[in-house]
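# Structure at a glance
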Amino acid sequence: MNIAVCIKQTPDTTTRVKVGPGGTGIDEAGINYIINPYDEFAIEEALQLTEKNGGEVTLLSMGPASIEKTIREGLAMGAHKAIRLNVDKTPDDPTVTAKALAETLKNGQYDLIFFGKQAVDDDHGQMASLVGELLDLPTVTVVLELHVDGGSATAKREVEGGLETIRFSLPAVVSAQRNLNEPRYRSLKGIMQAKKKTIEVVEPALAEAHLVVEKLTPPPAKGEGKIFRNGAQDAAEVVRLLREEAKVI
Amino acid sequence: MNKFESPDYYLVDNLLTDDEKMIRSAIREWVDEKVMPIIEDAYQKAEYPHQLRGQMGELGCFGANLPEKYGCAGVSNVAYGLMMQELERGDSGIRSSASVQGALVMYPIFTFGTEEQRQNWLPRLASGEAVGCFGLTEPDFGSNPGGMLTTAVKDGDSYVLNGAKMWITNGTISDVAVVWARLDGRVRGFLVEKGTPGFSAPEMHNKHSLRASITSELILQDVRIPEKNILPESGGLNSPLSCLTQARYGIAWGVIGAAMACYHEALNYAQTRIQFDKPIASFQLVQQKLVYMITEITKMQLLCLQLGRLKDSGEMNSNQVSMAKRNNVAQALEIARMARDILGANGITAEYQSMRHMCNLETVKTYEGTHDIHTLIIGNDITGIPAFK
């Protein structure tokens, strides 16, 4: 099988993000970058499929040369090669990224194209659907379980209150939900081998952006809590405040 | 417990390569997820967590700096050291299992063994499928291994071994023991396989230290091994001592991890524990301890990094390793004791890890050349006068 996995570099989920100068992006100083956690499930699924059926896993990621460190993390998991779509900065408009990815993916003859279900930085959650549409391929999102059988596959996906099982033909686009599998640890051998793997750099033609980030604001600071010191006597007051002030019941 | 972040007061990370940092974070992640949740219980119950061995093999922790052709990862010595640091941040016993397997079993087979011995043992030891141990110390010969009594006698196409070894990590569960014995008066290395008649490895119990690690005796009574089981290139006490240099190198790095764990725990505790209406971190006596800890950790890091670079460039000597082992273990132990102190009464419970590290480090101070012996090794080196002869 020939599989592509589109990955994104995101700040480590434990990072305390600060708004950067200009107010439309984050302050990148001191941030530790990782592979978007949902993308790790996508990589793992692709690796398991090629281990079972043969074939290759190609990683695709869009960004400046500095993201190659994160791409190598994916290669260290076992992906065979990678393509970096060279841009100075990851576009704010998901459509711009999707169009560039779709153009590159067209050349690859992939049986499956994986994404994480969303990136944990901007949380758009659009990329798999956009690329699927641009390539005119069946697209299955938020997948919890995947079985590939020759030219078709079945996937279980989360829907409100239950699971939906979908059958679809390949090639297709799939986005991974947490718990699709257990991503492997990067081994020392894998890390050493990743140094020798190729990251091909392509220069994508960028479409016009129709979406611009205007402002980034941190969440409002948490107000001070209220402490009730009289035990059960305060219950009625707590209920009143929860209902009238906090409006949660 | 907050997620572990290693202190880096002097931006030592700037001196590391991307893959060295990637190796550190890979092992750190594994230790966070697979070691930390189970290690305290294993320590309390004095059980070696067997389930970790295969995982450590998959990660490439065994003989990580040996060549890829034998199933090893072939990482730089600095990356190897960072791996040891992360393992010992979990527990000295877990790091010891990697030290013994890599530096004391795989290294001598690689260095003194035949190609057949390498092919036979190294891939299995690298994957963790097989376990090995190293038999040098004897009940009456610890700091003075040159006095060893264990003998090997050539008899036809076999060697017959007699003697006893003590304080042997992983002896009881080993598939192969690298046993050092006198053959015609000269110290040689032999591979003794599990199940050989006359060979047994009873476990030693009731330890106050390294409780999540197996410590054994090796008993050799007329143990007959085939001629091909001698390590042909071994000869003289320098052979086992060169293995110890490898292991001591890993220890010097490893204990930085234990020290970092203790510092991290003590700092967090001091910032949140309230006495006299303020965090105890606001008291000068506590600050003094924390400052001592971070300063010594920073010195340990720099000492090891340069030692690793020297090892990678082929310029390292064993006296330099003695200095790093001697200094770093003593400082890690001092840091663990200070951390335990800052934690107050809570520090004696299993809710906190500093006392476990502290107890482990008493062993680490003693094994692989005691603190005092390393003092005398360096003393000999700088004065030219051996104080131990």
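Residues numbered from 1 in each chain as written. Chains lettered and ligands numbered in written order. Predicted model: local features only at pLDDT ≥ 70, side-chain atom pairs only at ≥ 80, totals over all residues. Heavy atoms only, no water.

### Regarding the overall build of chain B
Basically, it comes down to this: Strands here are runs of E lasting at least two residues and helices are runs of H or I lasting at least four, both read from the DSSP assignment and numbered beginning at the N terminus. Computation of the radius of gyration draws on C-alpha atoms alone. For the globule rule, the value is 2.2 Å times the number of residues to the power 0.38. Only protein chains enter the calculation, and the probe is 1.4 Å; a residue is then buried if its accessible area is under 20% of its type maximum, exposed if over 50%, and partly exposed in between. By definition, residues are in contact when any of their heavy atoms lie within 4.5 Å. In short, Shrake-Rupley with a 1.4 Å probe defines the accessible areas, and a residue's cover is counted only from the protein chains shown. The convention is simple: Lys and Arg are positive, Asp and Glu are negative, and His and the chain ends are not counted. Where a charge lies is defined by one atom per residue type, namely NZ (Lys), CZ (Arg), CG (Asp) and CD (Glu).
A count of helical and extended segments in chain B gives ten helices and nine strands. Relative to the compact-globule value of 21 Å for 389 residues, chain B shows a C-alpha radius of gyration of 21 Å, a close match. Seen along its three principal axes, the alpha-carbon backbone of chain B occupies a region of about 80 × 45 × 40 Å. Counting the 389 residues in chain B, one finds 56% classified as buried. Taking contacts inside chain B between residues at least 6 apart in sequence as the whole, the part at least 24 apart equals 76%. Carbon and sulfur atoms form 51% of the exposed surface of chain B, whose accessible area is close to 16,000 Å². Seen as two clouds, the 36 positive and the 44 negative side-chain charges of chain B have centres 3 Å apart.

### A short note on helix α1 (residues 37–53) of chain A
Residue and element names in this part refer to chain A. Selection rule: What a helix should span is 1.5 Å times the count of its residues minus one.
Its 17 residues give α1 an end-to-end C-alpha distance of 25 Å, which sits within 8% of 24 Å, the value for a rise of 1.5 Å per residue. Taking burial as the measure, the 17 residues of α1 include 13 buried ones, the bulk of the element. Positioned one or two residues after α1, Gly-54 has a phi angle of 80 degrees, which is positive.

### Focus on the pattern of salt bridges
Inclusion rule: Throughout this description, the term salt bridge denotes a Lys or Arg side-chain nitrogen within 4 Å of a carboxyl oxygen of Asp or Glu.
Enumeration according to the criterion identifies 35 salt bridges over all chains in this entry. Within the structure, one salt-bridge network assembled from shared partners comprises Glu-40, Glu-73 and Arg-186 of chain A together with Glu-29 of chain B.

### A closer look at the pairing of strand β3 (residues 158–169) of chain B
If a strand is regular, its side chains alternate between the two faces of the sheet. All names here are of chain B. Short version of the rule: Pairing between strands requires that DSSP locate at least two bridges from one strand to the other.
When strand β2 (residues 151–155) meets β3, the two strands line up antiparallel, connected through five bridges. Counted as the bridge partner of Val-153 is Val-160 from β3. Taking the residues between adjacent antiparallel strands as the criterion, β2 and β3 are bridged by two residues, where Gly-156 takes a positive phi near 65 degrees.

### Brief notes about the interface of chain B and chain A
Definition in use: Note on definitions: buried area is the accessible-area loss of two parts on being combined, 1.4 Å probe, summed for both. We define a polar contact as two N or O atoms separated by no more than 3.5 Å, with the added condition that, inside protein, one atom must be a possible hydrogen donor and the other a possible acceptor, whereas residues neighbouring each other in sequence contribute only through side-chain atom pairs. For this scheme, ten residues count as nonpolar: Ala, Val, Leu, Ile, Met, Phe, Trp, Tyr, Cys and Pro. Four count as charged, namely Asp, Glu, Lys and Arg, and the remainder, Gly too, count as polar.
With 22 residues of chain B at the contact, the number on the chain A side is 15 residues. The contact between chain B and chain A buries some 1,600 Å² in all, and 65% of this surface belongs to carbon and sulfur atoms. For chain B, the biggest contributors to the area lost against chain A are Asp-19, Met-22 and Leu-59 of chain B; these three give 32% of the whole. At the boundary of chain B and chain A, one finds four salt bridges. For the salt bridge of Arg-186 of chain A with Glu-29 of chain B, the shortest nitrogen-to-oxygen distance reads 3.6 Å. Here chain B and chain A share five residue pairs in polar contact (both at pLDDT 80 or more) between them. In the side of chain B that touches chain A, the residues fall into eleven nonpolar, three polar and eight charged.

### Describing the nonpolar core
When a protein is soluble and globular, its nonpolar side chains tend to lie buried together. In plain terms, the rule: Residues grouped as a nonpolar core are buried Ala, Val, Leu, Ile, Met, Phe, Trp, Tyr and Cys residues, joined through side-chain atoms within 4.5 Å.
Core analysis: the largest hydrophobic core is formed by 141 residues, its most contacted members being Val-5, Leu-59, Leu-112, Phe-114 and Leu-146 of chain A together with Leu-87 of chain B. In terms of residue count, the dominant contributor to this core is helix α6 (residues 238–272) of chain B (17 residues). When near neighbours in sequence (up to four residues on either side) are disregarded, Val-5 of chain A contacts Asp-39, Ala-42, Ile-43, Ala-46, Val-57, Thr-58, Leu-59, Leu-60 and Phe-114 of chain A. Core analysis: the second largest hydrophobic core is formed by 20 residues, Val-87, Tyr-110, Phe-115 and Leu-135 of chain A among them.

### Some details on a nonpolar patch on the surface
Keep this limit in mind: Each patch is assembled from residues with relative accessible area greater than 30% and no salt bridge, linking like charges that lie within 9 Å and nonpolar side chains (Val, Leu, Ile, Met, Phe, Trp, Tyr) that lie within 5 Å.
A cluster of nonpolar side chains, namely Val-17, Val-19, Ile-26 and Leu-216 of chain A, defines an oily patch on the protein surface of about 270 Å² accessible area. Tracing the sequence through the fold places Ile-26 of chain A in the loop between β2 (9–11) and β3 (33–35).

### As for the domain arrangement of chain B
Residue and element names in this part refer to chain B. Formally: Marked domain ranges trace back to an automatic or database domain assignment.
As assigned here, chain B comprises domain 1 (12–127), domain 2 (132–231) and domain 3 (238–383). Centre-to-centre, using C-alpha coordinates, domain 2 lies 30 Å away from domain 3. On the side of domain 3, ten residues touch domain 2, which itself brings nine residues to the contact. It is Ser-143, Ser-209 and Leu-210 in domain 2 that bury the most area against domain 3; as a group they hold 50% of the surface buried on that side.

### Structural notes on the environment of Tyr-33 of chain A
All names here are of chain A. One can find Tyr-33 in strand β3. Here the alpha-carbon distance between Tyr-33 and Lys-69, two residues 36 residues apart in the chain, equals 8.9 Å. Contact partners of Tyr-33, with chain neighbours within four places excluded, come to Gln-9, Thr-10, Pro-11, Asp-12, Glu-28, Lys-69 and Thr-70. Side chain to side chain, Tyr-33 and Glu-28 meet in a polar contact 3.0 Å long.

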